[in-house]
Amino acid sequence: MSNNLLAGKVGIISGALNEDSIAWKVALKAHEQGARFVLTNAPLAMRMGEINKLSEQCNAPIIPADATSMEDLEKLFSGAQEHLGGKLDFVLHSIGMSANIRKGKHYGELNYEWFQKTLDVSALSFHKMLAVAEKQDAFNEWGSAVALSYIAAQRAFLDYTDMSQAKAVLESIARSYGQRLGKLKKVRVNTISQSPTKTTAGTGISGFNAFYDYADKLSPLGNAPAEACADYCISLFSDLTRYVTMQNLMHDGGFSTTGISEEIVDVITQAGA
């Protein structure tokens, strides 16, 4: 149902690969709420995914960009403003990649060149996006930038390896750039720490199903689905959250503040018996 929360607003949505992607669902919700936007992803990801289908559904053009390339990002932000007819009101960073995870490297045997690539793709790309936006004066006042994170930035999670460090850097960038852009242009910068979600990236992590079920049993509300995360993103793009900035916002059904649940106690008790 549309409440026209984003009527008249324009932006950039990155990272939509297929219908399982949170960014895909954000795009559909943003379109439903009256926004116009440009879609973007890396050329390789575009070849692997179905972004053209989303483009047609949302009447949104696609501007390919490698988010680690300043040249590509400059073309993305200038092209988006040209197409949308003005400065931007929102940007979604939904980008993450770890070759170490894909190739099953445990934490003690990380390939450091791949580690650096993980940091560049999954975290520094957010800084690069915001730096380009600042240089181009691409944001309207009271604009909003949102990046997707995970609680592994604060806690140790088996097999999340170098992505844990990437998410910690991502959240730190949001705080530092949130302070800067808030002073310069009243732009908000936040991260959302989402429940484990069955996206293409998420399910590629070893043991994903086990900690998905664990989080679901621990969380009083259960795991937050991707559609609900998309709703949360829309609220952060809207004028209803004008004074929310520099925050890592937990969207996890209560997982992050629950010690133990009855369901977990039952599982352990049954296993012990």
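Residues numbered from 1 in each chain as written. Predicted model: local features only at pLDDT ≥ 70, side-chain atom pairs only at ≥ 80, totals over all residues. Heavy atoms only, no water.

1. Concerning the UniProt feature "active site" (unreviewed entry) in the protein
Working step 1: When the UniProt feature table is mapped onto this chain numbering, "active site" (unreviewed entry) sits at Tyr150 and Tyr160. Of the annotated residues named above, the ones that line the largest cavity are Tyr150.
Working step 2: With respect to the helices and strands, Tyr150 occurs in the loop between strand S4 (139-149) and helix H7 (161-185).
Working step 3: For Tyr150, a relative accessible area of 7% gives the class buried.
Working step 4: Residues contacting Tyr150, with those up to four places away along its chain left out, are Phe157, Tyr160, Lys167, Glu171, Ser193, Gln194, Ser195, Pro196 and Phe211.
Working step 5: Relative to the assigned elements, Tyr160 resides in the loop between S4 and H7.
Working step 6: Tyr160 sits in the buried class, given a relative accessible area of 6%. (UniProt positions renumbered as here; feature names shortened; annotations may be inferred. 1 Å grid on protein atoms, 1.4 Å probe; cavity = no way out; pocket = protein on both sides within 12 Å on 5 of 7 lines; lining within 4 Å. Helix = DSSP H or I, 4+ residues; strand = E, 2+ residues; numbered from the N terminus. Buried < 20%, exposed > 50% of the residue type's maximum accessible area, 1.4 Å probe, protein only. Contact = heavy atoms within 4.5 Å.)

2. Let's talk about the packing of aromatic side chains
Working step 1: Throughout the structure, instances matching the rule amount to ten aromatic pairs.
Working step 2: Summarising the aromatic geometry, the rings of Phe90 and Phe237 are spaced 4.6 Å apart at their centres and angled 20° between planes, so their arrangement reads as stacked. Taken together, the residues span a long stretch of sequence, with Phe90 in strand S3 (residues 88-93) and Phe237 in helix H9 (residues 226-237) at a distance of 147 residues. Residue Phe90 shares its accessibility class with Phe237, and that shared class is buried. (Phe/Tyr/Trp six-rings, centres within 6.5 Å; stacked < 30°, edge-to-face > 60°.)

3. Here we look at unusual backbone geometry
Working step 1: Of note in the backbone geometry, Trp142 takes a positive phi value of approximately 65° without being a glycine.
Working step 2: Mapped onto the secondary structure, Trp142 falls in strand S4.

4. Side note on the nonpolar core
Across soluble globular proteins, nonpolar side chains have a tendency to be buried as a group.
Working step 1: With 35 residues, the main nonpolar core has Leu76, Phe77, Leu88, Phe126, Leu130 and Phe139 as its most contacted residues.
Working step 2: Those elements that provide at least two residues to this core are strand S1 (10-14), helix H4 (70-84), S3, helix H6 (112-135), S4 and H7.
Working step 3: At eight residues, H6 tops the list of elements feeding residues into this core.
Working step 4: Setting aside chain neighbours within four positions, we find Leu88 in contact with Val10, Gly11, Ile12, Phe77, Ala80, Gln81, Ala138, Phe139 and Asn140.
Working step 5: If you look at the next biggest cluster of nonpolar residues, it comprises 30 residues, including Ile13, Met46, Leu54 and Phe90. (Core = buried A, V, L, I, M, F, W, Y, C linked by side-chain atoms within 4.5 Å.)

5. Remarks on the environment of Gly254
Working step 1: Note that Gly254 resides in the loop between strand S6 (248-251) and helix H10 (262-272).
Working step 2: Residue Gly254 is classed as partly exposed on the basis of its relative accessible area, which comes to 21%.
Working step 3: Measuring from C-alpha to C-alpha, the distance between Gly254 and Ala80 comes to 37 Å, with 174 residues separating the pair along the chain.

6. Some words on the sheet that holds S6
Working step 1: The sheet built from six strands is open, its strands ordered S2-S1-S3-S4-S5-S6 with parallel pairing. Only two strands of the sheet have a single partner each, and these edge strands are strand S2 (36-40) and S6. Taken pair by pair, the neighbouring strands of this sheet meet at an average axis angle of 20°, ignoring direction.
Working step 2: Along the sheet, H4 contacts S1, S2 and S3; its crossing angle with S2, the most-contacted strand, is approximately 150°.
Working step 3: Lying over the sheet, H9 contacts S3, S4, strand S5 (188-194) and S6, oriented at roughly 165° with respect to S5. (Pairing = 2+ DSSP bridges. Axes fitted to C-alpha atoms, helices over the stretch in contact; angles between N-to-C directions.)

7. Digging into the UniProt feature "binding site: NAD(+)" (unreviewed entry) in the protein
Working step 1: Cross-referencing UniProt, the feature "binding site: NAD(+)" (unreviewed entry) maps to Gly15, Ser21, Ile22, Ile95 and Lys167 in the present numbering.
Working step 2: Position of Ser21 among the secondary structure elements: in the loop between S1 and helix H1 (22-32).
Working step 3: Judged by relative accessible area, which is 8%, Ser21 ranks as buried.
Working step 4: In this structure, Ser21 is in contact with Gly15, Ala16 and Thr199, ignoring residues within four places of it in sequence.
Working step 5: In this structure the side chain of Ser21 is engaged in a polar contact, spanning 3.1 Å, whose partner is the backbone nitrogen of Leu17.
Working step 6: Of note, Ile22 is situated in helix H1. (Polar contact = N/O pair within 3.5 Å; in protein donor to acceptor, adjacent residues only side chain to side chain.)

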